[in-house]
Amino acid sequence: MLVSPCVKSQDVLTQMQNGQDVNVVFKNQALGGIFVHSQGWGLFFRKAKILSIYKKWFWEIETATMHSDKEHKVQNSYYPDAAGYYFGKLNGMQAFRFGTGFYRMIWRKNDERCVEIDAVYAAGLSVAVTKPVYLEIIEATPNPDQVVLSSERYDPYNDTPDNIYGRASVFDGLGQLSFYSGGYARIGLNFDYANRHNTVKAIETGLELDAYPKQIPISKIESGLYSL
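Residues numbered from 1 in each chain as written. Predicted model: local features only at pLDDT ≥ 70, side-chain atom pairs only at ≥ 80, totals over all residues. Heavy atoms only, no water.

Student: Honestly, the overall build of the protein chain in this entry has me stumped. Any pointers?
Tutor: Along the backbone of the protein chain there are 1 helix and 14 strands. Per-residue burial over the protein chain gives 33% buried out of 228 residues. Sequence-distant contacts, at least 24 apart, represent 63% of the contacts inside the protein chain between residues at least 6 apart. Of the roughly 14500 Å² of accessible surface on the protein chain, 58% is carried by carbon and sulfur atoms. (Helix = DSSP H or I, 4+ residues; strand = E, 2+ residues; numbered from the N terminus. Buried < 20%, exposed > 50% of the residue type's maximum accessible area, 1.4 Å probe, protein only. Contact = heavy atoms within 4.5 Å. Areas by Shrake-Rupley, 256 points an atom, 1.4 Å probe, with all protein chains shown as cover.)

Student: I would appreciate a short explanation of the pattern of salt bridges in the present structure.
Tutor: Between side chains of opposite charge, a pair can form as their charged atoms come close. For the structure shown, the criterion picks out 9 salt bridges. For E208, the salt bridge goes to R186, with nearest N and O atoms at 2.8 Å. With E208 in strand β12 (residues 202–211) and R186 in strand β11 (residues 178–192), this residue pair connects regions lying 22 residues apart in the sequence. In this structure R186 comes out as buried when scored by relative accessible area, which is 8%. Counted as one network, the salt bridges with shared partners bring together R46, E60, E62, R97, R186, E204, E208 and D210. (Salt bridge = Lys/Arg side-chain N within 4 Å of Asp/Glu carboxyl O.)

Student: I tried to follow the sheet that holds strand β9 (residues 148–153) on my own but got confused; where do I start?
Tutor: The strands making up a sheet are joined through hydrogen bonds of the backbone, oriented either antiparallel or parallel. In spatial order, the strands read β9-β8-β10; together these 3 strands make up an open sheet with antiparallel pairing. Across the chains shown, the open sheet's two edge strands, defined by having one partner strand only, are β9 and β10 (164–167). Averaged over all adjacent pairs, the angle separating strand axes in this sheet is 30°, with direction ignored. Alignment of strand β8 (residues 134–139) against β10, held across 3 bridges, turns out to be antiparallel. (Pairing = 2+ DSSP bridges. Axes fitted to C-alpha atoms, helices over the stretch in contact; angles between N-to-C directions.)

Student: Please clarify how the environment of N195 should be interpreted in this entry.
Tutor: Its location among the elements puts N195 in the loop between β11 and β12. Between the C-alpha atom of N195 and that of K109, which follows or precedes it by 86 residues, the distance is 9.9 Å.

Student: Would you explain the sheet that holds strand β6 (residues 91–107) in this entry?
Tutor: In spatial order, the strands read β1-β2-β3-β6-β7-β11-β12; together these 7 strands make up an open sheet with antiparallel pairing. Looking at which strands have only one partner, the edges of the open sheet turn out to be β1 (28–37) and β12. Each strand of the sheet is rotated relative to its neighbour by a mean of 20°, with strand direction disregarded. By the bridge criterion, 15 bridges tie strand β7 (residues 116–132) to β11 in an arrangement that is antiparallel. Looking at β11, one finds that A122 is bridged to R186.

Student: Just checking my understanding: could you explain a nonpolar patch on the surface for this structure?
Tutor: Where nonpolar side chains cluster on the molecular surface, the patch consists of F45, L51, W57, W59, I61, F96, F98 and L125 and spans about 710 Å² of accessible area. Only β3 (55–66) and β6 provide two or more residues apiece to the nonpolar patch. With 3 residues, the single largest contributor to the nonpolar patch is β3. As for its position among the elements, L51 is in the loop between β2 (40–50) and β3. Look at L51 and you get partly exposed, because its relative accessible area is 47%. (Patch = residues over 30% accessible without salt bridge, like charges linked within 9 Å, V, L, I, M, F, W, Y side chains within 5 Å.)

Student: For this particular structure, what's the right way to read the side chain of D192?
Tutor: Topologically, D192 is positioned in strand β11. Those residues within four positions of D192 in sequence are excluded, and the remaining contacts are K109, C114, V115, E116, V200, K201 and A202.

Student: It is not clear to me how the environment of C114 should be interpreted in this structure. Could you clarify?
Tutor: One can find C114 in the loop between β6 and β7. Separated by 81 residues in sequence, C114 and N195 have C-alpha atoms that sit 7.9 Å apart. Apart from residues no more than four positions distant in its own chain, C114 is found in contact with K109 and D192.

Student: How should the packing of aromatic side chains be read in this particular structure?
Tutor: How two aromatic rings sit relative to each other is set out by the distance from centre to centre and by the angle between their planes. Tallied over the full model, the rule gives 6 aromatic pairs. For the ring pair F35 and F44, a centre distance of 6.5 Å and an interplane angle of 45° mean the geometry is tilted. Judged by relative accessible area, which is 17%, F35 ranks as buried. A cation over an aromatic ring shows up here: R46 above the ring of F58, its NZ or CZ 4.7 Å from the ring centre. (Phe/Tyr/Trp six-rings, centres within 6.5 Å; stacked < 30°, edge-to-face > 60°. Lys NZ or Arg CZ within 6 Å of the ring centre and 35° of its normal.)

Student: What is the right way to look at the nonpolar core in this model?
Tutor: Soluble, globular proteins show a tendency: their nonpolar side chains are buried together. L31, F35, F44, A48, F58, A64, Y103, V120 and A122 form the largest nonpolar core, which has 9 residues in total. Listing elements by their share of this core, those giving two or more residues are β1, β2, β3 and β7. Not counting residues up to four positions away in its chain, the partners in contact with F35 are W41, G42, L43, F44, E62, T63, A64 and R97. With 8 residues, the next largest nonpolar core counts M66, M93, I216 and I218 among its residues. (Core = buried A, V, L, I, M, F, W, Y, C linked by side-chain atoms within 4.5 Å.)

Here it is, written out as structure tokens:
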């Protein structure tokens, strides 16, 4: 009676290590992936604790690029080899989210051919990090055929498409980062279509809101300032 459970446990562990499907009760779950949203894309990692067959609690870390819908990519028509840039863009922004939430089962997966549907909701801290945009500016010279470039922070009041050659190095401006603290909240549906009990393959869709007490300047185009 003492030997049999031990042998059985070793057998289950061996099966899992060999990549076989094993229908056992799990206590924890970890997953990560990539996502896209209306203003960019991002990466996430999520660690969940299985409280019951109907409910899971999790904590998560996300990072996402954020863009203004007013951005418009252009290129200096006089220099075909010039790099494209977003005219009017003041700062690049990256959002970092640290939060917690729950899965609540709506539709149970009765066998491996079914899809489990869970309601997902989460909330937590959102930190926006902005980096000023640097562009290669064409300097005035006595020789019109000579092109002299300098990497400068974009100045919406003095820089025009005529004197902008293209975008500068992505490393320019790293010493001028700004941080904005806020919060986020998300609701959605998770569709787990994995055909094995010990793996997770899922698609999640929903709505997410980031809120910050201070305005975050992203772009300045013609008549005004556009922010998230």
